[in-house]
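Single-letter residue listing:
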Amino acid sequence: MDTAHSPYAPPTDADVREEIIGTVRRFVANEVAPVAAGLEREDRFPAEIVAQMRELGLFGITIPEAYGGLGLDLLTYIGVIEELAYGWMSLTGIINTHTMVATLLMAHGTDEQKQRWLPVLAAGEQRGALSLSEPDAGSDTRNISCKAQRDGDEYVVNGTKAWVTNGERAGLVALAARTEEGISAFIVEKEPGPAFEGISVSKHVGKLGYKGVETVEMAYVDHRVPAANLIGEPGRGLPQILGVLEVGRINIASRAVGVARAAFDAALAYAQERVTMGKPIAEHQAIQLKLADMATRLEAARLLTRNAAERKMAGLRCDVEAGMAKLFASETAMELATEAMRIHGGMGYTTDMPVERYYRDAPLMIIGEGTNEIQRLVIARGLLARARGQAS
């Protein structure tokens, strides 16, 4: 693959990749699975698990070794995300926005910005959050109204941002704000002290699922950001962040695969244990048809996600592929969670089984990082643009 124009690491050795993913799989089985249900019910931030994730280096998976990261490729990253989502999907949200901030810096940051922020992100000393959406600008990103007005060596920021995952605990926030030149991207250092003045968490969002990780609304009132924190050229923030969102959509697809796999494994196991009419329900043809369709969709979702990651690694545009992966994998997660509940029958509706959690977590992937309706538009427009390019 040609990685000359890509901010991502070259392909990781397959044995190393499997070793890393296997380590995370064991970590999930030993440390996450036993406590996930309790943490989820309490909607409690998993501080101890996050500390262990830091020790494993998971906050620096894709960050180059030169900046203290593991320097692993996106295929390793999506494998890790799948394993985390298999145990508890909320953990992947803690990693996702963090990785998008690092990706923005790797792709568009100056050498000084990379030296300053990538090491603390890689070590997990500061968490990253992406602040793009607003109460009146979700999928309509061009309608962003948060403003950053130049004042000497600083920008003065005013506006409200919505749906900020990690917004309360993050130390570095990648912010999209409107400047004279258009929408620009900044790194906001959200730390106590003078740099924190003018930022507040104005609302905590209650959610159907996706518990344990905060989703907040953030208000900026005359908050001053050094001009040195501008990422790239003024007015170029939207295409920069939309490029980063491709990684976010690949992450969403990966976590959807993890949830779908968890739902399938739960259904497969229960179907072999539950006996009706003198035999396990797995021996009834109706259940076998469900299991066959579930396994097929799961494998297709994983392959679409892998394809999008490979294109992104190669430095190729992958808006279509990332959109396809996110669309199909998220719909698969929702379908498999529903089918797993059907196979479990009444037990699937109880909190005694993890299936109800998968059923509540799955809708996030349909909505997050651009709704699936938006994904269909992205895919169609991308296909048409490619067709016109080939014809010309």
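Residues numbered from 1 in each chain as written. Predicted model: local features only at pLDDT ≥ 70, side-chain atom pairs only at ≥ 80, totals over all residues. Heavy atoms only, no water.

Chemist: Even after reading the chapter, I still don't get the pattern of salt bridges, so can you show me in this structure?
Modeler: For side chains of opposite charge, pairing can occur when their charged atoms come near one another. One pass over the structure, following the stated rule, counts 23 salt bridges. Across the pair glutamate 83 and arginine 25 runs a salt bridge, and its minimum N-O distance is 3.1 Å. Of this pair, glutamate 83 sits in helix H3 (residues 74-87) while arginine 25 sits in helix H1 (residues 14-42), placing them 58 residues apart in sequence. A relative accessible area of 39% places arginine 25 in the partly exposed class. Note that lysine 161 is salt-bridged to glutamate 134, the shortest N-O span being 3.0 Å. Here glutamate 134 lies in the loop between strand E1 (128-131) and strand E2 (147-151) and lysine 161 lies in strand E3 (residues 154-165), a separation of 27 residues in the sequence. Assigned by exposure class, lysine 161 and glutamate 134 land together as buried. (Salt bridge = Lys/Arg side-chain N within 4 Å of Asp/Glu carboxyl O. Helix = DSSP H or I, 4+ residues; strand = E, 2+ residues; numbered from the N terminus. Buried < 20%, exposed > 50% of the residue type's maximum accessible area, 1.4 Å probe, protein only.)

Chemist: Could you clarify how one ought to interpret the packing of aromatic side chains in this entry?
Modeler: Here a ring pair, both rings aromatic, is described through the centre-centre distance and the interplanar angle of the planes. For the coordinates displayed, the defined rule picks out one aromatic pair. Ring geometry for tyrosine 155 and phenylalanine 186: centres 4.8 Å apart, planes at 65°, overall edge-to-face. Taken as a pair, tyrosine 155 in strand E3 and phenylalanine 186 in strand E5 (residues 182-189) lie far apart in primary sequence, 31 residues in all. We note that tyrosine 155, like phenylalanine 186, is buried. When the ring centre of tyrosine 86 is taken as reference, the NZ or CZ atom of arginine 261 above it lies at 4.0 Å. (Phe/Tyr/Trp six-rings, centres within 6.5 Å; stacked < 30°, edge-to-face > 60°. Lys NZ or Arg CZ within 6 Å of the ring centre and 35° of its normal.)

Chemist: Sorry if this is basic, but what is going on with helix H2 (residues 47-55) here?
Modeler: For the α-helix, the turn length of 3.6 residues means that residues three or four positions removed from each other point alike. For H2, the complete set of buried residues consists of Ile49, Val50 and Met53. Looking down the long axis of H2, one finds its buried residues gathered within 100° of arc, a one-sided arrangement. Across from the buried face of H2, at angles greater than 90 degrees, the exposed residues are Glu48 and Glu55. Taken together, the buried residues of H2 touch H1, H3 and helix H4 (90-108). Residue glycine 57 follows H2 closely and has a positive phi angle near 80°. (Arc of directions from axis to C-beta. Contact = heavy atoms within 4.5 Å.)

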